[in-house]
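One-letter residues, chain by chain:
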Amino acid sequence: MDFISTIAIAMGASWVSGIKLYAAVAMLGLLGRFANLQLPGELHILTNWWVIGVALALYAIEFVADKIPFIDSTWDVVHTFIRIPAGAVIAAAAFGDFDRGVQVIAFLIGGGLALSSHGTKTTTRAAVNTSPEPFSNIAVSLAEDGLSIGSVLLAAFYPILLFIVVSIGLLISIIVLPKIISYIRGVIKKVQQLIE
């Protein structure tokens with residue numbers, strides 16, 4: 001696999017990990033199995049049937065949980081401690097054939113990409129949950145499913161398009177960042193008021 005493809009897989013999978021980790025792992029494994037996609041570095045482990053099976057089972061649970069208002073926000077909070085480190089590990093594993101220094105850089109960048117997408121997703125979903133009807137939550141969740149699966153496919157087959165998608169995602173994250181900070185401050189104030 002060439003260097004651009006390795007970067008695309010590492011970048012795409014780590015960015016998608018912040019949104020739908022299990023979908024990213026399952027898609028990469030299935031593409032490696034059925035589309036003869038040569039996964040870079042140490043990612044070939046994702047083609048193991050047990051890894052694919054567990055990822056698909058967890059994605060099925062996430063698919064349902066993500067459509068239910070407030071359960072999805074709880075799911076996102078818990079997965080803060082799973083998605084971000086997993087994005088970092090996936091990026092480093094993609095560069096498994098490279099020098100350790102390159103792997104560490106990939107680990108750091110992959111974690112940052114996962115953090116940016118996860119922070120944007122979590123904040124957006126928390127805002128959508130304030131809507132009294134359930135349809136907007138389901139629509140946003142389905143859009144995330146499509147974006148995640150589509151981004152992994154772009155990483156595998158159209159890396160340049162993936163770079164554009166991730167760049168747009170990062171730009172959105174930067175625009176949303178002040179709102180994320182404001183939202184977190186509001187939650188902290190509400191918690192402090194409840195404690196007092």
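What counts, and at which threshold
- Residues numbered from 1 in each chain as written.
- Predicted model: local features only at pLDDT ≥ 70, side-chain atom pairs only at ≥ 80, totals over all residues.
- Heavy atoms only, no water.
- Helix = DSSP H or I, 4+ residues; strand = E, 2+ residues; numbered from the N terminus.
- Rg over C-alpha atoms; globule rule 2.2 N^0.38 Å.
- Contact = heavy atoms within 4.5 Å.
- Areas by Shrake-Rupley, 256 points an atom, 1.4 Å probe, with all protein chains shown as cover.
- Lys, Arg positive; Asp, Glu negative; His and termini not counted.
- Charge placed at Lys NZ, Arg CZ, Asp CG, Glu CD.
- Phe/Tyr/Trp six-rings, centres within 6.5 Å; stacked < 30°, edge-to-face > 60°.
- Buried < 20%, exposed > 50% of the residue type's maximum accessible area, 1.4 Å probe, protein only.
- Polar contact = N/O pair within 3.5 Å; in protein donor to acceptor, adjacent residues only side chain to side chain.
- Expected span 1.5 Å × (residues − 1).
- Bend = angle between axes of the 7 residues up to and from the residue.
- Salt bridge = Lys/Arg side-chain N within 4 Å of Asp/Glu carboxyl O.
- Core = buried A, V, L, I, M, F, W, Y, C linked by side-chain atoms within 4.5 Å.
- Arc of directions from axis to C-beta.

A word on the overall build of the protein
Then, number 1: The number of helices and strands found in the protein is 6 helices and 0 strands.
Then, number 2: In terms of overall size, the protein behaves like a compact globule, its C-alpha atoms giving a radius of gyration of 17 Å where 196 residues would be expected to give roughly 16 Å.
Then, number 3: Taken over the C-alpha atoms alone, the protein extends approximately 55 × 30 × 30 Å along its principal axes.
Then, number 4: When contacts within the protein are restricted to residue pairs at least 6 apart in sequence, long-range pairs at least 24 apart make up 71% of them.
Then, number 5: In the form shown here, the protein has an accessible surface area of approximately 10300 Å², with 76% of it arising from carbon and sulfur atoms.
Then, number 6: Considering the protein, the positive charge centre built from 11 side chains and the negative charge centre built from 12 side chains are found 7 Å apart.

Details of the packing of aromatic side chains
Then, number 1: Scanning all chains against the criterion turns up 5 aromatic pairs.
Then, number 2: The interplanar angle of 70 degrees and the centroid separation of 6.1 Å between the aromatic rings of F3 and F95 together place this pair among those described as edge-to-face. Taken together, the positions of F3 in helix α1 (residues 3-34) and F95 in the loop between α3 (71-94) and α4 (100-128) put the pair 92 residues apart, joining distant regions of the chain.
Then, number 3: When its relative accessible area of 7% is taken as the criterion, F95 is described as buried.

With respect to the side chain of H118
Then, number 1: In this fold, H118 is placed in helix α4.
Then, number 2: Given a relative accessible area of 3%, H118 falls into the buried group.
Then, number 3: A polar contact is formed between the side chain of H118 and the backbone oxygen of D76, at a distance of 3.4 Å.

Quick word on α1
Then, number 1: The end-to-end C-alpha distance of α1, which contains 32 residues, comes to just 22 Å, noticeably less than the 46 Å that a straight helix rising 1.5 Å per residue would cover.
Then, number 2: Largest kink in α1: about 135 degrees, centred on K20.
Then, number 3: Burial analysis of α1 places 25 of its 32 residues in the buried class, the great majority of the element.
Then, number 4: Downstream of α1 by a residue or two, N36 has a phi angle that is positive, lying close to 55 degrees.

Description of the side chain of S17
Then, number 1: Topologically, S17 is positioned in helix α1.
Then, number 2: Excluding its chain neighbours within four sequence positions, the residues that come into contact with S17 are A24, R83, G87 and I90.

Comments concerning the pattern of salt bridges
Then, number 1: Per the stated rule, a full pass over the model turns up 12 salt bridges.
Then, number 2: Notably, a salt bridge pairs E62 with R83, separated by 2.7 Å at the nearest N-O pair. Pair noted here: E62 is in helix α2 (residues 49-65) and R83 is in helix α3, with a separation of 21 residues, a long-range link.
Then, number 3: The class of E62 is buried, set by a relative accessible area of 0%.
Then, number 4: Between K121 and D76 there is a salt bridge, with the nearest N and O atoms lying 3.5 Å from each other. Linking K121 in helix α4 with D76 in helix α3, this pair joins segments that are 45 residues apart in sequence.
Then, number 5: What makes D76 buried here is its relative accessible area of 0%.

Describing the nonpolar core
Then, number 1: Counting 38 residues, the largest nonpolar core has I9, L28, L43 and V152 as its most contacted members.
Then, number 2: Sorting the residues of this core by element identifies α1, α2, α3, α4, α5 (135-157) and α6 (159-195) as the ones contributing at least two each.
Then, number 3: In terms of residues, this core owes the most to one element, α1, which gives 16 residues.
Then, number 4: Non-local contacts of L43, meaning those with residues more than four positions away in its chain, are made with I9, I90, A93 and A94.

Quick notes on α2
Then, number 1: In a regular helix each residue adds 1.5 Å, so 17 residues correspond to 24 Å; α2 covers 24 Å between its end C-alpha atoms and thus fits that length.
Then, number 2: If you check which residues of α2 are buried, you get I52, A55, Y59, E62 and A65. Across the axial projection of α2, the buried residues extend over an arc of 150 degrees, all falling on one side. In α2, the exposed residues that point more than 90 degrees away from the buried face are W50 and V64.
Then, number 3: Looking at the buried residues of α2, the elements they touch are α1, α3 and α5.

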